[in-house]
Amino acid sequence: MAFLRACGLSELEENTPKRVELDGTPVSVVQTEGEVFAIHDICSHANVSLSEGEVEDCQIECWLHGSSFDLRTGKPSGLPATRPVPVYPVKIEGDDVLVSLSQES
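Everything in this summary refers to the structure shown in the same document. As a convention, each chain's residues are numbered from 1 in the sequence order in which they are written. For this predicted model, a pLDDT threshold of at least 70 governs which residues receive local features, and a threshold of 80 or more governs which side-chain atom pairs are given and counted, while totals over whole chains, interfaces and linings are taken from all residues. Remark: hydrogens and water are excluded; side-chain values derive from all non-hydrogen atoms of the structure.

### Regarding a negative patch on the surface
Logical step 1: Each patch groups residues whose relative accessible area exceeds 30% and which form no salt bridge, using 9 Å between like charges and 5 Å between nonpolar side chains of Val, Leu, Ile, Met, Phe, Trp and Tyr. Accessible surface is estimated by sampling points in the Shrake-Rupley manner with a 1.4 Å probe; for residues, cover comes only from the protein chains shown. Only one rule defines a salt bridge in this text: a Lys or Arg side-chain nitrogen within 4 Å of an Asp or Glu carboxyl oxygen. His residues and chain termini do not enter the charge count, which takes Lys and Arg as positive and Asp and Glu as negative. A charge is said to be at NZ when it belongs to Lys, at CZ for Arg, at CG for Asp and at CD for Glu. A cluster of acidic residues, Glu-14, Glu-33, Glu-35, Glu-54, Glu-56, Asp-57 and Glu-61, forms a negative patch at the surface.
Logical step 2: If you trace the backbone, Glu-35 turns up in strand 4 (residues 35–40). Only DSSP runs of H or I reaching four residues or more are called helices, and only runs of E reaching two or more are called strands; each is numbered from the N terminus.

Here it is, written out as structure tokens:
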């Protein structure tokens with residue numbers, strides 16, 4: 001599994017998504033509850049960036065219609081979204097946040 005550098009750990013603010021692009025794939029990197037997560041940055045319901053939404057209770061909310069997605073699984077927790085978004089494996093090496101575009105779910 002190949003990992004790509006997404007950003008520095010020091011660049012992340014708690015509960016504030018950071019949008020990055022890895023090999024043309026938009027990814028939202030989020031530090032919350034002591035962990036770092038990477039989730040596909042485009043809502044499965046509407047073509048909008050999830051990194052513009054808010055993070056709470058390990059969920060990222062789509063700002064346009066209010067659907068939230070679990071940062072661990074990508075599954076939506078409410079309508080209008082019904083399809084999950086991909087989540088990606090993350091590992092930390094020093095200050096580097098590395099993401100693999102191989103999907104966990």
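### Some thoughts on the sheet that holds strand 1 (residues 4–8)
Logical step 1: Two strands make a pair as long as DSSP finds a minimum of two bridges between them. With antiparallel pairing, the 3 strands of this open sheet are ordered in space as 1-10-9. Each end of this open sheet is capped by a strand with a single partner; those strands are strand 1 and strand 9 (90–93). Sheet twist, expressed as the mean angle between neighbouring strand axes with direction ignored, is 35°.
Logical step 2: Relative to strand 10 (residues 96–99), strand 1 runs antiparallel, the two being bridged by 4 bridges. What sits directly across from Gly-8, in strand 10, is Asp-96. Whenever a helix is involved, its axis is fitted only over the stretch in contact; in every case the axis is a line through C-alpha atoms, and angles between N-to-C directions fall within 0 to 180 degrees.

### So, the packing of aromatic side chains
Logical step 1: Stacked, edge-to-face and tilted labels apply to pairs of Phe, Tyr and Trp rings (six-membered ring for Trp) whose centres lie within 6.5 Å, assigned for plane angles under 30 degrees, over 60, and everything in between, in that order. Within the structure shown, the criterion is met by 0 aromatic pairs.
Logical step 2: Two limits define a charge over a ring: the Lys NZ or Arg CZ must be within 6 Å of the ring centre, and within 35 degrees of the ring normal. Lys-91 extends its terminal NZ or CZ atom over the ring of Phe-3, reaching a point 4.5 Å from the ring centre.

### Considerations on the pairing of strand 10
Logical step 1: Pairing geometry for strand 9 and strand 10, over 4 bridges, is antiparallel. Paired with Lys-91 across the bridge in strand 10 is Leu-98.
Logical step 2: Counting the residues that bridge the hairpin from strand 9 to strand 10 gives 2 residues, and of these Gly-94 lies at a positive phi of roughly 65°.

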